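What follows is the residue order along each chain.
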Amino acid sequence: MTAKRRSPYPYWFVLPAAVVFTVLFLVPTIASFWFSMTRWDLFQTEFIGWDNYRQFFKEPFLVQGLTNTLIYAVVTSGAKTILGLLLAVLLTSGILWQGFLRSVVFFPVLVSTIGVGITFAALMHPTKGAINIALSYVGIDGPSWLSDPTLALYSVAFIDIWKGVGLATLIYIAGLAAISPEYYEAARIDGATRSQQFWRVTVPLVQPATVTVVTLSLIGGLRSFDIIWATTKGGPGFASDVLASVIYKQYQAGFYGLATAGNVILFLLIAIIILPLTWWFNKREVDL
Amino acid sequence: MKLIPSAALLSAFIVASGMAQAETTLSVLIDNNPETIAAFDALTAAYTAANPDVTFDIEQRAGGAEGDNLVKTRLATGEMADVFAYNSGSLFQALNPSETLADLSDIQGNVIDSFKPVVTSPDGVVRGIPFGAAMGGGIYYNRNIYAELGLSVPKTWAEFMANNEKIKAAGKVAVAQTYGDTWTSQLFVLADFYNVQSAVPNFAADYTANAIKYATTPAAVQGFQNLEDVFKGGYLNEDFGVAKFDEGMRMVALGEAAHYPMLTFGIGTVKQNYPDNVNDIGFFAQPGTDAAKNGLTVWMPMAAYVPATSPNLDEAKKFLSFVASVEGCNTMIGAIGATGPYLIEGCELPTDVPASVADMLPYFQTEGMTAPALEFLSPIKGPALEQITVEVGSGIRPAAEAAALYDQDVEKQAKQLGLPNW
């Protein structure tokens, strides 16, 4: 890149955007750093230094919440990426009712998360839920999906994947459409099989879409809250607590300073994970 | 926001027509318990009948931690309704009452003295009036199952567990638990406080002063142990992890389960949903180790409050002085009956109370047979108790470890309240 060129536009052109950005994003972000160092009851603040951070890391449920957050993010992001790509390949292959099936896959994305949560909580009821009733017909005694401590987090992750895979598929369909058919033609002439075409042509060339899907779903998974709150509220006990639900419970209890400290930690955690990831992806893209 | 233009229009109309009378609409925020709703509907209807210029706009909220959050946030942002109903005791203390709530000490004429401390802010001002009846925390039982199996009301925890064993042997669910509503999981711990206090009389004061802990007091750990015992015994309903409070009351009312640990306000739900089964339910205090020291842990009623920011302060106080009157008390009894003693001087209970209430009243009539729950003696209540008790009651965490975890949880609340010694 050559030396920076002076913009032909005057600086005050950025003023409207800068004001909006400052008022709505910059000020609250800085304010949250301040409030995270106070004991705050919404009326008065008392500066207590790093005490909230100490308390937050002492939080017995935090370690489990952190582990759960990472498991949840990796599981949902991984599944959405893989399923999204497979579905996109299927739905661009010209199968029967392709348009209809695309909308079917995308439909759950449009439904309210809380609605989805309540619906699945009913479907996953241990004795009256449709899933276990269906299982009982084939002789399986279904578990308590959302109230078994070993299963709850994965049940919620499953719901999240069901709801979110449509968006990943959509991004991949766009990514696949951008691959020129000539590559496949050339591969076929060289005698590549369908699976070789998939691994050697589709996967590398759809990389920009993969970057988008992984980044978006990973961020989404790390800060996931609504679907968990609508189904298990982090329970049973703390078994499906993630960072966001731990933080929310501190707000509920009126520990506003402590909860804000938790949010700052969540912010840093996401930055630490996502920044190197995007840097690495972007580097690979250039190498290609 | 929509209200503003129409209110402006209305006042313009009043001025134009030269009416002297001012119309007031009091906004009200109550929890969504059917009994609370029925009681408030009756109270507001009676009040509007006597004062046609005052109407009400009633809004409902969730209970439990969700409700706590809503009440705190609305108070803090100055958007609280003119009148709202909320817990007394430690949860009231967490509202920062000295600043957020209006002084109600001039409408306490009929309020029984024992109630006033639980709605008094740290600066010594009474800021609430009782709303509803005092409650007992204990165990509902199905009288038909008890009669059928020839069981008698247990006076010790060991007898209770023996009953559970017989009920289980008869192929029935012995104890209903409803961890789908997490707050219901706390009962075995909270309702054990009479027993804690009879073993360690100074527990509440020492606990507030950080001189005694749950984990190191065997009598206090017992509540958690009870939860663990009923789980390990295999006495619970199959869907205990997701069932809700309403279902718990249904199970004990219809005989689907023999016991349900709950506060005595639960009978109101049965009255609404299963009126034919109201008298199939009996009640006993949570038994401890000693049959001679059997007594009841008592919850003060909820209270009604006015936020300090209410623009209709005077009207709201007039309404609440009606709620705290004998007439208001009788209106409530007419609407929802009596689930326990009302804390209004001169307000007598009707004679035809449900069986479970009749079971509870003798505790109140004997000196020393009741003790207030810990949350009315100490401002500290850890916010994660309901998750911890779900863990113990689902076999995830052993009782002793849970008690220690709760001690840690409590520390946060004490620090937030700025108590000395923490």
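1. Things to note about the overall build of chain B
Here is step 1: A tally of helices and strands in chain B yields 18 helices and 11 strands.
Here is step 2: Expected size for 422 residues packed as a compact globule is a radius of gyration near 22 Å; at 22 Å, chain B falls within 12% of this value.
Here is step 3: Taking the principal axes of its C-alpha atoms as reference, chain B extends roughly 75 × 55 × 40 Å.
Here is step 4: Looking at the 422 residues of chain B, the share that counts as buried comes to 53%.
Here is step 5: Once local pairs closer than 6 in sequence are excluded, the contacts in chain B between residues at least 24 apart make up 77%.

2. A word on the overall build of chain A
Here is step 1: On a plain count of helices and strands, chain A comes out with 13 helices and 2 strands.
Here is step 2: Here chain A, with 288 residues, has 35% of them falling under the buried criterion.
Here is step 3: Excluding contacts between residues fewer than 6 apart, the proportion of contacts in chain A whose partners are at least 24 apart in sequence is 71%.

3. Some remarks on the interface of chain A and chain B
How big an interface is tends to be expressed through the accessible area that disappears when the partners come together.
Here is step 1: Between chain A and chain B, the contact holds 25 residues from the first and 25 residues from the second.
Here is step 2: A per-element tally of the side of chain A that touches chain B places helix α12 (residues 243-252) of chain A first, with 3 residues.
Here is step 3: Of the residues belonging to the side of chain A that touches chain B, the class tally is 12 nonpolar, 9 polar and 4 charged.

4. A word on the environment of Trp34(A)
All names here are of chain A.
Here is step 1: Checked against the element boundaries, Trp34 lands in helix α1 (residues 15-35).
Here is step 2: The class for Trp34 is partly exposed, based on 13 C-beta atoms found within 10 Å.
Here is step 3: Between the alpha carbons of Trp34 and Gly257 there is a distance of 9.1 Å; along the sequence they are 223 residues apart.

5. Some words on the sheet that holds strand β10 (residues 302-305) of chain B
Sheets are built from strands that pair by backbone hydrogen bonding, the pairs being arranged parallel or antiparallel.
Residue and element names in this part refer to chain B.
Here is step 1: What the 5 strands build is an open sheet, ordered β2-β1-β3-β10-β4; its pairing is mixed. Each of the sheet's edge strands pairs with one partner strand only, and the pair in question is β2 (54-61) and β4 (129-131). Sheet twist, expressed as the mean angle between neighbouring strand axes with direction ignored, is 30°.
Here is step 2: With 3 bridges connecting them, β4 and β10 associate as antiparallel partners. Bridged to Pro130 within β10 is Ala303.
Here is step 3: Along the sheet face, helix α2 (residues 34-50) touches β1 (24-31), β2 and β3 (83-86) and points at about 170° away from the line of β2.

6. Notes on the pairing of β1(B)
All names here are of chain B.
Here is step 1: Alignment of β1 against β2, held across 8 bridges, turns out to be parallel. Within β2, the position partnered with Thr24 by the bridge is Val54.
Here is step 2: Read from β1 through α2 to β2, the crossover connection turns out right-handed.

7. Details of the domain arrangement of chain B
All names here are of chain B.
Here is step 1: You can read the domains of chain B as domain 1 (22-134 + 300-355) and domain 2 (135-299 + 359-417).
Here is step 2: Residue-level contacts link 19 residues of domain 1 with 31 residues of domain 2.
Here is step 3: Of all the secondary-structure elements, those providing two or more residues to the side of domain 1 that touches domain 2 are α2, α3 (64-76) and α4 (90-93).
Here is step 4: Considering only residue class, the side of domain 1 that touches domain 2 consists of 10 nonpolar, 8 polar and 1 charged.

8. Some points on helix α17 (residues 385-393) of chain B
Residues and elements named next belong to chain B.
Here is step 1: Judged by how many residues are buried, α17 sits mostly within the fold: 9 of 9 residues are covered.
Here is step 2: Within the sequence span of α17, burial applies to Leu385, Glu386, Gln387, Ile388, Thr389, Val390, Glu391, Val392 and Gly393.
Here is step 3: At the C-terminal side of α17, Gly395 shows a positive phi close to 75°.

9. Focus on the confidence of the model for chain B
Residue and element names in this part refer to chain B.
Here is step 1: Looking at chain B as a whole, its pLDDT mean stands at 89, while 95% of the residues score no less than 70.
Here is step 2: Here residues 1-20 scores under 50 on pLDDT; set against residues more than four positions off or in separate chains, the count is 2 contacts.
Here is step 3: Under the prediction, the complex receives an ipTM of 0.81, its pTM being 0.83.

10. Some details on helix α16 (residues 355-365) of chain B
All names here are of chain B.
Here is step 1: What α16 keeps buried is the set Ser356, Val357, Asp359, Met360 and Tyr363. Projected down its long axis, α16 carries its buried residues within an arc of 155°, all on one side. Facing away from the buried side of α16 by over 90 degrees, the exposed positions are Pro362 and Gln365.

11. Some thoughts on unusual backbone geometry
Residues and elements named next belong to chain A.
Here is step 1: Looking along the chain, the bond that leaves Gly235 and enters Pro236 is cis, with omega of 0°.
Here is step 2: The residue Pro236 is located in the loop between α11 (226-231) and α12 in this model.
Here is step 3: For Trp97, which is not glycine, the phi dihedral falls at a positive 60°.
Here is step 4: Structurally, the position occupied by Trp97 is in the loop between α3 (60-91) and α4 (98-110).

12. Concerning the environment of Val111(B)
Residues and elements named next belong to chain B.
Here is step 1: Checked against the element boundaries, Val111 lands in the loop between α5 (97-100) and β4.
Here is step 2: Expressed as a C-alpha distance, the spacing of Val111 and Ala324, which sit 213 residues apart in the sequence, is 6.7 Å.
Here is step 3: Once residues lying within four places of it in the same chain are set aside, the contact partners of Val111 are Lys116, Ile129, Pro130, Ala324, Leu343 and Ile344.

Definitions and cut-offs
- Residues numbered from 1 in each chain as written.
- Chains lettered and ligands numbered in written order.
- Predicted model: local features only at pLDDT ≥ 70, side-chain atom pairs only at ≥ 80, totals over all residues.
- Helix = DSSP H or I, 4+ residues; strand = E, 2+ residues; numbered from the N terminus.
- Rg over C-alpha atoms; globule rule 2.2 N^0.38 Å.
- Buried ≥ 20, exposed ≤ 12 C-beta atoms within 10 Å, placed from the backbone.
- Contact = placed C-beta atoms within 7 Å.
- Nonpolar A, V, L, I, M, F, W, Y, C, P; charged D, E, K, R; others polar.
- Pairing = 2+ DSSP bridges.
- Axes fitted to C-alpha atoms, helices over the stretch in contact; angles between N-to-C directions.
- Right-handed = clockwise from strand over helix to strand, strands pointing away.
- Domains from an automatic or database assignment.
- pLDDT = per-residue confidence, 0-100.
- Arc of directions from axis to C-beta.

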